[in-house]
Amino acid sequence: MTVAVAGVLVAAGAVTYSVAGEGGAGAGVPAAGSADAGFARDMAVHHQQAVEMSYIVRDRTTDVEVRRLAYDIAQTQANQRGMLLGWLDLWGLPKVSSDGPMAWMGMAGMSDGEDGALMPGMATDTELKKLGTLNGKAAEVFYLRLMTAHHQGGIHMAEGCVHRCTVDVEKRLAQGMVEAQQSEITLMTDLLKARGAKP
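Nothing here was measured: the structure is a model prediction, and the numbers come from that model. (Residues numbered from 1 in each chain as written. Predicted model: local features only at pLDDT ≥ 70, side-chain atom pairs only at ≥ 80, totals over all residues. Heavy atoms only, no water.)

### Comments concerning the confidence of the model for the protein
Do not read the fine detail of predicted coordinates wherever pLDDT is low.
Now for step 1: Considering every residue of the protein, the mean pLDDT works out to 88; 84% of them sit at 70 or more.
Now for step 2: Every residue in residues 1-18 is under pLDDT 50, and counting partners more than four places away or in other chains gives 10 contacts.
Now for step 3: A low-confidence stretch, residues 20-27 (pLDDT under 50), is modelled with 12 contacts involving residues beyond four sequence positions or located in other chains. (pLDDT = per-residue confidence, 0-100. Contact = heavy atoms within 4.5 Å.)

This is the structure in structure tokens:
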């Protein structure tokens, strides 16, 4: 297990390092206000909440399917978050911006950030607290609904990077996010139906 984890980290590090000198269309290091930097910053924040929600639900249910899904989401998005933040470090760019979330997509101010929901699809602080009070099927259903909305918001952002980013490896990562999260939405829809709940 340790060897496998080390292999994943080495591979992620290699991909992160490779982007340091890659400017996509020959543009060099992206600017602080670029789509590349904006996506890396915003998706890192978006992913962090998905990781948090997934760890919460793993402690609130014994259901194998939901726990497996939550583990997969937490591990995948934590790894991707590390890559995004690593690229910002390699580019020498700040991890926060005064422009506000989604500005790189021309959507600054779309989400008012009320109750912690900084971007479309993000759960509010109140919803996170509620998830932490539920158990069993109730926790599963609430998590699946929250994560479906979260993925929908994430897909919108990732598609924005696919169209606007210039660093090829980042565009590929974004496209991979779109495909993986669409697949997980289908799975979550099925899991909700199996529990007699609607998305």
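### Digging into the packing of helix H3 (residues 64-91) against helix H6 (residues 168-194)
Now for step 1: One can describe the packing of H3 onto H6 by two numbers: an axis separation of 12 Å at closest approach and a directional angle of 165 degrees. When the axes of H3 and H6 are compared, the pair comes out roughly antiparallel. In the crossing of H3 with H6, the sense of the turn from one axis to the other is left-handed. Touching Glu65, Leu69, Ile73, Gln77, Gln80, Leu84, Trp87 and Trp91 of H3 are Val169, Glu170, Leu173, Met177, Gln181, Glu184, Leu187, Met188 and Leu191, all from H6.
Now for step 2: Per-class residue counts for the contact of H3 with H6 are 11 nonpolar, three polar and three charged. (Axes fitted to C-alpha atoms, helices over the stretch in contact; angles between N-to-C directions. Helix = DSSP H or I, 4+ residues; strand = E, 2+ residues; numbered from the N terminus. Parallel < 35°, antiparallel > 145°, perpendicular 65-115°, else oblique. Left-handed = near helix turned anticlockwise from the far one by under 90°. Nonpolar A, V, L, I, M, F, W, Y, C, P; charged D, E, K, R; others polar.)

### Some thoughts on the packing of helix H5 (residues 136-164) against H6
Now for step 1: In the contact formed by H5 and H6, the axes pass within 8 Å of each other and the chain directions differ by 155 degrees. Accordingly, the angle class assigned to the pair H5 and H6 is roughly antiparallel. Viewed along their axes, H5 and H6 form a crossing whose handedness is left-handed.

### Things to note about the pattern of salt bridges
Now for step 1: Summed over all chains, the structure comprises three salt bridges.
Now for step 2: Among the ionic pairs, aspartate 63 bridges to arginine 195, the shortest N-O distance being 3.0 Å. Within this pair, whereas aspartate 63 is found in the loop between helix H2 (35-58) and H3, its partner arginine 195 is found in the segment after H6, the two being separated by 132 residues in sequence.
Now for step 3: Of the charged contacts, one joins lysine 95 and aspartate 89 as a salt bridge, the two residues approaching to 2.4 Å between their closest N and O atoms.
Now for step 4: In this structure, a network of salt bridges that share partners links the residues Asp63, Glu140 and Arg195. (Salt bridge = Lys/Arg side-chain N within 4 Å of Asp/Glu carboxyl O.)

### Structural notes on the environment of glycine 153
Now for step 1: Turning to its location among the elements, glycine 153 is positioned in helix H5.
Now for step 2: Judged by relative accessible area, which is 6%, glycine 153 ranks as buried.
Now for step 3: Separated by 107 residues in the primary sequence, glycine 153 and histidine 46 have C-alpha atoms spaced 8.9 Å apart.
Now for step 4: In this structure glycine 153 touches His46, Pro120 and Gly121, once residues within four positions along its chain are discounted. (Buried < 20%, exposed > 50% of the residue type's maximum accessible area, 1.4 Å probe, protein only.)

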